[in-house]
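Fold and contact review
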Amino acid sequence: MLPRKSIIPEEFAFSPGLVSPIHRKPVFRDRVNKARFIAKSGACNLSHKNIREQGRFLQDVVTTLVDLKWRFTLVIFSMTFLCSWLLFAMFWWLVAFAHGDLDTNRKPGVEQCFTNVNSFTSAFLFSIEVQVTIGFGGRMITEQCPTAITVLILQNIIGLIINAVMLGCIFMKTAQSHRRAETLIFSRQAVIAVRNNRLCFMIRVGDLRKSMIINAVVRLQVVRKTTTPEGEVIPIHQIDVQTESAVAGNSIFLLAPLIICHVIDKDSPLYDLSAMELQCSDLEVIVILEGVVETTGISTQARTSYVTEEIQWGHRFVPIVTEEEGVYSVDYSKFGNTVKVATPRCSARELDEKPSILIQTLQKSELSHQNSLRKRNSMRRNNSMRKSNSMRRNNSALAVPKVQFLTPEGGPNLAVT
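The present account deals with the structure reproduced in this document. (Residues numbered from 1 in each chain as written. Predicted model: local features only at pLDDT ≥ 70, side-chain atom pairs only at ≥ 80, totals over all residues. Heavy atoms only, no water.)

Here we look at the overall build of the protein
- Within the protein, the secondary structure is distributed over nine helices and 18 strands.
- Residue burial in the protein is summarised as follows: out of 417 residues, 30% are buried.
- Long-range contacts, defined here as pairs at least 24 residues apart, represent 64% of the contacts in the protein between residues at least 6 apart.
- About 28,800 Å² of surface is accessible on the protein, with carbon and sulfur atoms providing 58% of the total. (Helix = DSSP H or I, 4+ residues; strand = E, 2+ residues; numbered from the N terminus. Buried < 20%, exposed > 50% of the residue type's maximum accessible area, 1.4 Å probe, protein only. Contact = heavy atoms within 4.5 Å. Areas by Shrake-Rupley, 256 points an atom, 1.4 Å probe, with all protein chains shown as cover.)

Next comes the structure, spelled out in structure tokens:
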């Protein structure tokens, strides 16, 4: 059987002017688990490979020692002093050997270069006494050995340099800026909600110490993989994101926990993302908090990041600052708590093009809130009526029963209630 021809001629069947456009739902790809660029603790998830010029690290020895782990730093600290003691112990032993102090058959009356230095062990102990200026008094240099005096001066100078370098490295390592950053905290989740009739991306930051961070600055960056029109793939494309205090250089007064807000406008990389598209994207929002420590004057930096699974759409942070007896109190147990609020699921671009979406969302939220209040009031009335009915039943059950007394010899019965 031949197929029946269409009424519309074939040359007009797919004409864009005659056929109405078909609106298809956007197809979202499954999100691939991407490694995050910055960990929640602030550590950079980056490894350096195939570095050929390793000698560049030795040109900056102090920074290399400070960047090492504590176990390596302590080993280098101990081995540096031990090697210097052994090296100069060898020098003292050679000077004593050349002067003849180690000869047991030396002529009487010849003055020694050292006193009580008869072996390498005693030379090693003498080297320690010289460098750390212990000065037990049993070993010393005489005036008959200018070479020993030169070695003494040389060991004192080198010992002071070693002390200055190693103690400076230990101090810098213990007073590193990231130690202060341990008490700068960020909320575990970021939220997107409507604030001042605009869709906003918000996080919360706080400082656990009473000493403040001076000139605190918050910077936001969006890291994502992008491809240029020329086909170049940029695996880590960093896009700066402005916050509400961009006019003042993002400077904040971090006295109490603050909510950092980014308005999703046309210049924002989140402008075209809806709630569903955000979950399917592979972007990462990096938050950097910088400032100067009030007590030490050292600059510090705290970092964290939020991937799409950690961004809650339609939530808002609960307030944690209250006034109690004339003092503002901060409840850090609710630092990361959020609550659901009415938020359109569309992108910020659609919200700007159709402001009625926000009005409809707020109206639906108000109606649902009123319905929930009505249900709650009706449930309270029902509970109160049930309680009153149960109390009535209990009161009727507690009424005094009638008691009958039988009179003797068939007398009349007396009923007493």
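Structural notes on the environment of Ile192
- Relative to the elements of secondary structure, Ile192 occurs in strand E4 (residues 190–195).
- Sequence separation between Ile192 and Thr343 is 151 residues, and the spatial gap between their C-alpha atoms is 8.3 Å.
- Excluding its chain neighbours within four sequence positions, the residues that come into contact with Ile192 are Leu199, Cys200, Phe201, Ile264, Leu278, Ile311, Gln312, Trp313, Gly314, His315 and Thr343.

Regarding the packing of helix H3 (residues 70–99) against helix H5 (residues 146–174)
- Remark: H3 packs on H5, axes separated minimally by 11 Å, with the N-to-C direction vectors making an angle of 180°. Here H3 is positioned roughly antiparallel relative to H5, judged by the angle of their axes.
- When its residues are assigned to classes, the contact of H3 with H5 shows 17 nonpolar, seven polar and one charged. (Axes fitted to C-alpha atoms, helices over the stretch in contact; angles between N-to-C directions. Parallel < 35°, antiparallel > 145°, perpendicular 65-115°, else oblique. Nonpolar A, V, L, I, M, F, W, Y, C, P; charged D, E, K, R; others polar.)

Observations regarding the pairing of strand E14 (residues 321–324)
- Here E14 pairs with strand E15 (residues 327–330) via four bridges, running antiparallel. Within E15, the position partnered with Thr322 by the bridge is Ser329.
- The antiparallel hairpin formed by E14 and E15 contains two residues in its connecting segment, where Glu325 sits at a positive phi of about 55°. (Pairing = 2+ DSSP bridges.)

Structural notes on the layout of surface pockets
- Here the largest pocket defines a volume of roughly 530 Å³.
- If you trace the largest pocket, you find 19 residues lining it, with Lys40, Ser41, Gly42, Ala43 and Arg303 closest to the centre.
- For the lining of the largest pocket, the secondary-structure elements that each account for two or more residues are helix H6 (177–180), strand E3 (184–186) and strand E11 (299–307).
- In terms of residue count, E11 provides more of the lining of the largest pocket than any other element does, four residues in total.
- One number sums up the size of the second largest pocket: a volume of about 210 Å³.
- Along its surface, the second largest pocket is lined by Gln54, Arg56, Phe57, Asp60, Thr63, Thr64, Asp67 and Leu68.
- Counting only elements with at least two residues in the lining of the second largest pocket, the list comes to helix H1 (55–58) and helix H2 (61–67).
- With three residues, H2 is the single largest residue contributor to the lining of the second largest pocket.
- Looking at the lining of the second largest pocket residue by residue, the classes come out as two nonpolar, three polar and three charged. (1 Å grid on protein atoms, 1.4 Å probe; cavity = no way out; pocket = protein on both sides within 12 Å on 5 of 7 lines; lining within 4 Å. Points joined across faces, edges and corners; volume = space filled by probe spheres on them.)

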